[in-house]
Amino acid sequence: MVSEKSHRGNRQEPVQEEPKTHLLSMTVRRGPRSLPPIPSTSRTGFAEFSMRGRMREKLQAARSKAESALLQEIPTPRPRRLRSPSKKELETEFGTEPGKEVERTQQEVDSQSYSRVKFRDSARKIKPKPQVPPGFPSAEEAYNFFTFNFDPEPEGSEEKPKARHRAGTNQEEEEGEEEPPAQGGGKEMDEEELLNGDDAEDFLLGLDHMADDFVSVRPADYESIHDRLQMEREMLFIPSRQTVPTYKKLPENVQPRFLEDEGLYTGVRPEVARTNQNIMENRLLMQDPERRWFGDDGRILALPNPIKPFPSRPPVLTQEQSSKAELETLYKKAVKYVHSSQHVIRSGDPPGNFQLDIDISGLIFTHHPCFSREHVLAAKLAQLYDQYLARHQRNKAKFLTDKLQALRNAVQTGLYPEKPHQSLDTIQKTINEYKSEIRQTRKFRDAEQEKDRTLLKTIIKVWKEMKSLREFQRFTNTPLKLVLRKEKADQKADEEAYEAEIQAEISELLEEHTEEYAQKMEEYRTSLHQWKAWRKAQRAKKKKRKQAAEEHPDDEIAEPYPEEDLVKPSPPEPTDRAVIEQEVRKRAAQSRRRPWEPTLVPELSLAGSVTPNDQCPRAEVSRREDVKKRSVYLKVLFNNKEVSRTVSRPLGADFRVHFGQIFNLQIVNWPESLTLQVYETIGHSSPTLLAEVFLPIPETTVVTGRAPTEEVEFSSNQHVTLDHEGVGSGVPFSFEADGSNQLTLMTSGKVSHSVAWAIGENGIPLIPPLSQQNIGFWSALKKADAISSIGTSGLTDMKKLAKWAAESKLDPNDPNNAPLMQLISVATSGESYVPDFFRLEQLQQEFNFVSDQELNRSKRFRLLHLRSQEVPEFRNYKQVPVYDREIMEKVFQDYEKRLRDRNVIETKEHIDTHRAIVAKYLQQVRESVINRFLIAKQYFLLADMIVEEEVPNISILGLSLFKLAEQKRPLRPRRKGRKKVTAQNLSDGDIKLLVNIVRAYDIPVRKPAVSKFQQPSRSSRMFSEKHAASPSTYSPTHNTDYPLGQVLVRPFVEVSFQRTVCHTTTAEGPNPSWNEELELPFRAPNGDYSTASLQSVKDVVFINIFDEVLHDVLEDDRERGSGIHTRIERHWLGCVKIPFSTIYFQARIDGTFKIDIPPVLLGYSKERNMILERGFDSVGSLSEGSYITLFITIEPQLVPGESIREKFESQEDEKLLQATEKFQAECALKFPNRQCLTTVIDISGTTVFITRYLKPLNPPQELLNVYPNNLQATAELVARYVSLIPFLPDTVSFGGICDLWSTSDQFLDLLAGDEEEHAVLLCNYFLSLGKKAWLLMGNAIPEGPTAYVLTWEHGRYLIWNPCSGHSYGQFDIFCPLKNVGCLIGPDNIWFNIQRYDSPPRINFDVTRPKLWKSFFSRSLPYPGLSSVQPEELIYQRSDKAAAAELQDRIEKILKEKIMDWRPRHLTRWNRYCTSTLRHFLPLLEKSQGEDVEDDHRAELLKQLGDYRFSGFPLHMPYSEVKPLIDAVYGTGVHNIDVPNVEFALAVYIHPYPKNVLSVWIYVASLIRNR
Amino acid sequence: MATASPSVFLLMVNGQVESAQFPEYDDLYCKYCFVYGQDWDPTAGLEEGISQITSKSQDVRQALVWNFPIDVTFKSTNPYGWPQIVLSVYGPDVFGNDVVRGYGAVHVPFSPGRHKRTIPMFVPESTSKLQKFTRPTLRQPRAPPWPGPLCSSPSWFMGRRPEYTDPKVVAQGEGREVTRVRSQGFVTLLFNVVTKDMRKLGYDTGPSDTQGVSGPNPPQRFPQ
């Protein structure tokens, strides 16, 4: 169908077209085209030529072309493509329909294809044959219509005309034909539709005709596409793509207004494709005729483009958080923004790291006190020359001359204009202006020229002066040299120019003068005229007056008043040219270089030579020396704080100092001031401030590299008079011989520098942001500094400030000025604002959130404060209450009491005054030591923090590799070290004390009671005594005693620690074996498990050995058959005390200990006989005591604190100290486990060489008097005395891990100390007794590293335990000393280098260097060190009365305690027994607990015959009451709960000199035998 | 009741140890515990926990996800010593010994709400050069070469790496100067923090509180 249309199109009649064309709302007006003739051409001139027509023409043309081409059998050369570049079309008109576009281009290509053309042609060949009436299809056509399959082809042929048409329209536009653009798109579309519709109708019409003739055929019930399109057109609106003309968019008669052109900012409109915009505009115009969518400029109203050119989203930080993290929604509550501008740099600003580069290149003194006269002149000359150079560079005279010339030219041209197109008025005006300017310029030029000349003259004059000075003084100081270069000019030209200039000037002046003259003449004339008139009037008046005077004489009064005597003006003198010329010439001569004079160019050079020193007079030489001594440096002050300084540079002979230093100031704040201070140093004296130079703070645009070097002048007002050639400063001097014409010069100079902002790595200048500079800076400063807040920093004079404020009329009500006003009011009221104190943290006050007073008043804050200070009472205070009211007042009571008591000696607790004093003293020493070590304690070692396997070297590595192959369960497993625990996060119950009781030897056995005891009652019997046949103690026939195998003793061990008691099972016999492990919990004081706290635990582990005794309690023997009623009694046999601190430091204690058995143990005896019988002869003879084997440890193992790793100051010789270090290092290398001591720390914390402690010291005379002849006994007595001094480990007394050695007198004063103090004292006593004695450092059980005393007595060595007073032979196997590290004598130290270190296996002969390495040797002889010990020990006699009093009090306390411990039982005291015991105790003391038992027993028996008695005396050194109480408690005497038990307790205190007290406590329980 | 004037404030923390990034390691578990000051006391929940062993996810993230819940409530009278959570991550080395893979700590967030924290983890470095040298810095710990006698160290063998004596030291400053550490990976934690009575006691922990009262003034009672 479509193809049909196209075929028929060319034959269509215009008539038929008519109705169609009118359908087009707009048709193109155009002339006929010059195309091959077609029917339509006949309609030339037809105005409304339809598109269709044109189309047909084109079609026709194409066809004919194609035909001819076909005839020639040549493929067409595709003319279409050339003619209509489809691309262009796309862009211009049809660009928005891509679908069609593609189609079309494709079709275009297709349509060019040869085959189609051919086909079409074949169709065409048939066509012309039948002449069918126009408008009707031929038969063939009709046939074709119904039968032919046109499918692929017609589109092409249809499209072709369309394309052609497009080409046409395109052409139309190209031809520049004005066409309403809005219709372009529409027209095109309509056209297309039209084509379809048209043809359809044509076809139908044709068919109709046929039908009429032959058959009655009804047209298909079909709505014509045309109608439909029409209907559609009515209903649908397709907006055009043409540009809407502006006038349509604007209201009537309104010109478009472009805001942008008017200078208003309109913003960038969002980019929308032009066509879319057009469509939109068309649509809007159609829909809404009100035009409110359009702006003044006729475009659619649009907001500025909201799209930012750069993404504002913060960059993604890391890859990990990449996609998911970004997408995740984080909930955040809305934040109320609190504006805080108090910080100098607000949080919004980037963290300030700005940099200011200050380049100080050098310093030149323009005057200096050391200037000689010549220097003064030289400086002057240099200055003048500089001035000259500067002037020369500017050359103002030349500039002004040129200007003058130009002006003259201008006037010249103005006067004789070539084209007089301007009004004469304006010309005249400009000329006048020019002239006045010429006058002005000339004046300036003359002045400049004169200045130049005078400058030159002065330079020459100064130079001459200098030359004469040099001649006069016969030496030269400065290398300055002035050379005047003559530049000869062309004299003639010069002269001409000069003359011309003068002439020009003269003429100008003449002109001026004539003008002036004319003016004056004019004035003269007018005034003359006036005068004349006046005179005339005067005359008339006179006449009148004469008349009037006659008539009205009264009027006469007023008359003369206006009468002024006008002087007759004199005519101005005409100017005389000659005069002017003379004037001009004179002036020229003055200011200008005369033409015959050569141009003088001064050149200052430093080429001159300075006279060397040896040719100078002395004054000059000394001046030069002085200069040499001086050096200068600059301090850089930033905001009045010194930030850096230059190096000190010597002052050169030319008084120039070159620094060339660049200071990079890293700053945070905007700079307030930048100052350089010039300091001068003379020789070694302190620097003096010469002057301050204020540098301007650079603009933000000045960055490094762009900053020019500037010179800033400074001057100082110092007055210096020098005694040499130097002229001094501030002192008048003269160049003249007669001293006239005095000069006073001040030290001055120039600093050349440049200040600039640095540029960061990325090229950004490191300048504080403007916001900071403007707001943050000021607002911050307003608070800190009122003056700087108004922008006048640097003003320091308050009065000036006040004056300034008054002058500038500051508004006092302006809040901005408030701080300033306040400041001024303070300043003017006379109070000094500037505080005369220096405060480091001046803003601290503001940061304090409450005042100190309030802080102190608040209990809570106080508590917090004390806790943070680690005050012991509060160190572990938990949950400090929130409110003060919740804090009990009593919380502080203890603390306050302690504070109060610090200086008050409290005797109540310590019972005896001396010890109270000592305790106080100890407390103070302790505090000071704690303070000393507080810092040191903070040091941690890696091992404290990190658990790591050590990997020292390859060999161990290999070993460990070897270990891999080891059996997992070796046959002989080795003990593995336990994991150590640092005591920082332990809590109650975490730590347990493990006590393994292995066995005991030689436990005292029960002794069969004497007959008296034996049968006192029927009902009670002791197992042990039941069958005792013999009453005699000395003939124990045990074999008969225990026929039933009854044991002699049934011991068990009870361990009590911190009031926790554990006991083993009961074993039997005197050599029991328990092998039991007891577990006791450990509780640290106050729950504080820190190392320091654990170290100071004073608790002691008591290991008590008891005998379990069974008593038959049956009252009646008759019941014996039916039941056994026994009561268990326990009898204390002895104890071993081990301080916790020892366990803590030793980690484990393993060994056999001597049981501390009371000297009298009633009812028990050591069974020597039996031992003898059993063949333990040797052992028995050597050891007189009972022993127990123990293993004690802590679980988990605690890491004891390391000793203080701090070097202490020392007064020892440095060499000696080095030697000690070397010695120790050598020893440690050989035997790392052996103790080697060379230096120790004394109580004041200084390092002291150890031998200084050893010196013979006298024991108390009292002791010496006891056995005056028995040295051995005396020695024992002395040892006992020493052992009576209480033992107190340093760690306990001094808190930290430090081994402080106190001297013997300190030790005796303190009455407390640990092993080394005891040992030193004992050793000193022995030395004093004339023994050979050494201090022996080694390891012992249980003490660990300790100090013993070794003596040489009668061919054998004795080892003394100073704490117990016992002595052991070298080969005593029960000697607690296990290793020997070194021996220390008063003058040497010997380190044990033998293979073994256990006492029995070593040789104590220190003279053998192979066995003992001595510290002082031939290479390092003993320098004779003085002792730190006192010359003599002074012993106060012991106060017996005080001792007696103490004795009573202790007895009372103990009695009370025992009653307390028996809360459910009645405690009866047997006074009789007590007094007996009390008498007995001094005996014990006298005999030191030896060999009194038998007498005592007899006595007791005698007195307490009918009592069963069990009790024992305890002996202790006295330190405090508590250990006594503990000891009594440990015996368990109070545990007897026999109803009728009675107690006896006696205390005896034996005072020894120096208040050493030996305490005896006899405690006993008595049961009356019935 | 006593709400009018409370004597303690409560801090309820729940949340979870979400995941970790340890690019070099796999099969890790983590322990957490809290370190807090003397004025703090846990009232409910668990102070410590040990998680399951997790393996790396098979995707690109290679995340080790535990999602191990934390739930603890503290009471306190003083913000000083605000609780910190201390994390320590352990995992097997090539021999299957559990060694530490990272320590880290972070304060429990102060302000109520939901907070996510990513903690960088670190381990102490060995003092021994040798061990440091032999420390397996292999990128593929799964397939290490058989360690020869010299390219291994006993501690590596025995699975003993330097460890802190107590993980809690990472929440403290004391003694840290003696240690050297190396960074390891990251652990992500999620906290949901609820506080009670803090404002009543005068502690304003930030803008999250809806009442606009600031400062230590007692808050107004419920406005009518």
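Residues numbered from 1 in each chain as written. Chains lettered and ligands numbered in written order. Predicted model: local features only at pLDDT ≥ 70, side-chain atom pairs only at ≥ 80, totals over all residues. Heavy atoms only, no water.

If you check an unreviewed UniProt entry, chain A appears there as Coiled-coil and C2 domain containing 2A from Pongo abelii.

> I tried to follow helix 20 (residues 618–629) of chain A on my own but got confused; where do I start?
At 3.6 residues per turn, the α-helix brings residues three or four places apart onto the same side. Residue and element names in this part refer to chain A. Its 12 residues give helix 20 an end-to-end C-alpha distance of 16 Å, which sits within 8% of 16 Å, the value for a rise of 1.5 Å per residue. Looking only at helix 20, the buried set comprises E620, R623, R624, D626 and V627. Relative to the axis of helix 20, the buried residues are bounded by an arc of 155° and lie together on one face. Projecting away from the buried face of helix 20 at angles above 90 degrees are the exposed residues R618 and K628. The inward-facing, buried residues of helix 20 abut helix 15 (373–394), strand 4 (630–638) and strand 8 (674–682). (Helix = DSSP H or I, 4+ residues; strand = E, 2+ residues; numbered from the N terminus. Expected span 1.5 Å × (residues − 1). Buried < 20%, exposed > 50% of the residue type's maximum accessible area, 1.4 Å probe, protein only. Arc of directions from axis to C-beta. Contact = heavy atoms within 4.5 Å.)

> Before we go on, may I ask you to explain the sheet that holds strand 38 (residues 1507–1517) of chain A in this structure?
The pairing of strands in a sheet happens through backbone hydrogen bonds and is either parallel or antiparallel. All names here are of chain A. Taking strand neighbours across the sheet as the criterion, the four strands line up as 37-39-40-38 in an open arrangement whose pairing is mixed. The sheet terminates laterally at strand 37 (1468–1469) and strand 38, the two strands that pair on one side only. Bridge count between strand 39 (residues 1541–1552) and strand 40 (residues 1556–1568): 12 bridges; the pairing is antiparallel. The partner of I1549 across the bridge, within strand 40, is V1559. Across the face of the sheet, helix 41 (residues 1271–1283) comes into contact with strand 38, strand 39 and strand 40 while running at roughly 85° to strand 40. (Pairing = 2+ DSSP bridges. Axes fitted to C-alpha atoms, helices over the stretch in contact; angles between N-to-C directions.)

> Can you help me understand the environment of S240 of chain A in this one?
Residues and elements named next belong to chain A. As for its position among the elements, S240 is in the loop between helix 11 (225–235) and helix 12 (246–249). Taking the C-alpha atoms as reference, S240 lies 9.1 Å from T275; in sequence the two are 35 residues apart. One polar contact links the side chain of S240 to the main-chain amide nitrogen of Q242, over a distance of 2.8 Å. (Polar contact = N/O pair within 3.5 Å; in protein donor to acceptor, adjacent residues only side chain to side chain.)

> Quick question: what am I supposed to make of the sheet that holds strand 23 (residues 1148–1155) of chain A here?
Residues and elements named next belong to chain A. Strand order in the open sheet formed by four strands is 20-16-25-23, and the pairing between neighbours is antiparallel. At either end of the open sheet lies a strand with only one pairing partner, and these are strand 20 (1073–1081) and strand 23. Between one strand axis and the next, the sheet turns by 20° as a mean value, whatever way the strands run. Taken together, the nine bridges between strand 16 (residues 992–1001) and strand 25 (residues 1186–1195) define a ladder with antiparallel strand orientation. Each bridged residue has a counterpart across the sheet, and for L994 the counterpart in strand 25 is T1193.

> Looking at this model, I keep getting lost on the packing of aromatic side chains. Mind explaining?
Working definition: an aromatic ring pair is given by the centre-to-centre distance plus the angle between the planes. Applying the stated criterion across every chain yields a total of 38 aromatic pairs over all chains. Arranged with centres 4.4 Å apart and planes meeting at 10°, the rings of F1082 of chain A and F1140 of chain A form a pair that is stacked. Residue F1082 of chain A is located in the loop between strand 20 and helix 35 (1091–1095), and its partner F1140 of chain A is located in helix 36 (residues 1140–1146); the two are separated by 58 residues in the primary sequence. Take F1082 of chain A: its relative accessible area is 2%, and that puts it in the buried class. Looking at F1140 of chain A, the relative accessible area reads 0%, which means it is buried. An aromatic cluster of three or more residues is present, and its members are F9, Y32, F34, Y36, W40, F68, F74, W82, F110 and Y203 of chain B. Its guanidinium or amino end placed over the ring of F892 of chain A, R862 of chain A lies 4.4 Å from that ring's centre, counting from NZ or CZ. Directly above the aromatic system of Y883 of chain A lies the positively charged group of R885 of chain A, at a separation of 4.3 Å from the ring centroid. (Phe/Tyr/Trp six-rings, centres within 6.5 Å; stacked < 30°, edge-to-face > 60°. Lys NZ or Arg CZ within 6 Å of the ring centre and 35° of its normal.)

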